Amino acid sequence: MMDDAAFQGVLAHLAGLRMLRRSPSLDEIAATAVFLASDQAGALTGCFVNATGGIFTS
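A short tour of the structure in this document, coming up. None of the values given here were measured: they were computed from a predicted structure. (Residues numbered from 1 in each chain as written. Predicted model: local features only at pLDDT ≥ 70, side-chain atom pairs only at ≥ 80, totals over all residues. Heavy atoms only, no water.)

## Section: a nonpolar patch on the surface
Among the surface-exposed residues, Met-2, Phe-7, Val-10, Leu-11, Leu-14 and Leu-17 lie close enough to one another that they form a single nonpolar patch of about 490 Å² accessible area. With respect to the secondary-structure elements, Met-2 resides in the segment before helix 1 (4-17). Judged by relative accessible area, Met-2 falls into the partly exposed class, the value being 47%. (Patch = residues over 30% accessible without salt bridge, like charges linked within 9 Å, V, L, I, M, F, W, Y side chains within 5 Å. Areas by Shrake-Rupley, 256 points an atom, 1.4 Å probe, with all protein chains shown as cover. Salt bridge = Lys/Arg side-chain N within 4 Å of Asp/Glu carboxyl O. Helix = DSSP H or I, 4+ residues; strand = E, 2+ residues; numbered from the N terminus. Buried < 20%, exposed > 50% of the residue type's maximum accessible area, 1.4 Å probe, protein only.)

## Section: the side chain of Thr-52
Looking at the secondary structure, you find Thr-52 in the segment after helix 2 (26-37). Leave out the neighbours within four places in its chain, and Thr-52 touches Arg-18 and Pro-24. (Contact = heavy atoms within 4.5 Å.)

Written as structure tokens, this is what we have:
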């Protein structure tokens, strides 16, 4: 099992790989999901929404 320091190191490394240089928060991911499920996203069809903070390029 990984100790807390090692886990935090992995998270910091992943954040450094992202275009934003930080990981998205749970609130940001939830807000994106709420938007996509709302009527405001009605014009979006068959698209890819990258909510990874840029770790995967579109």
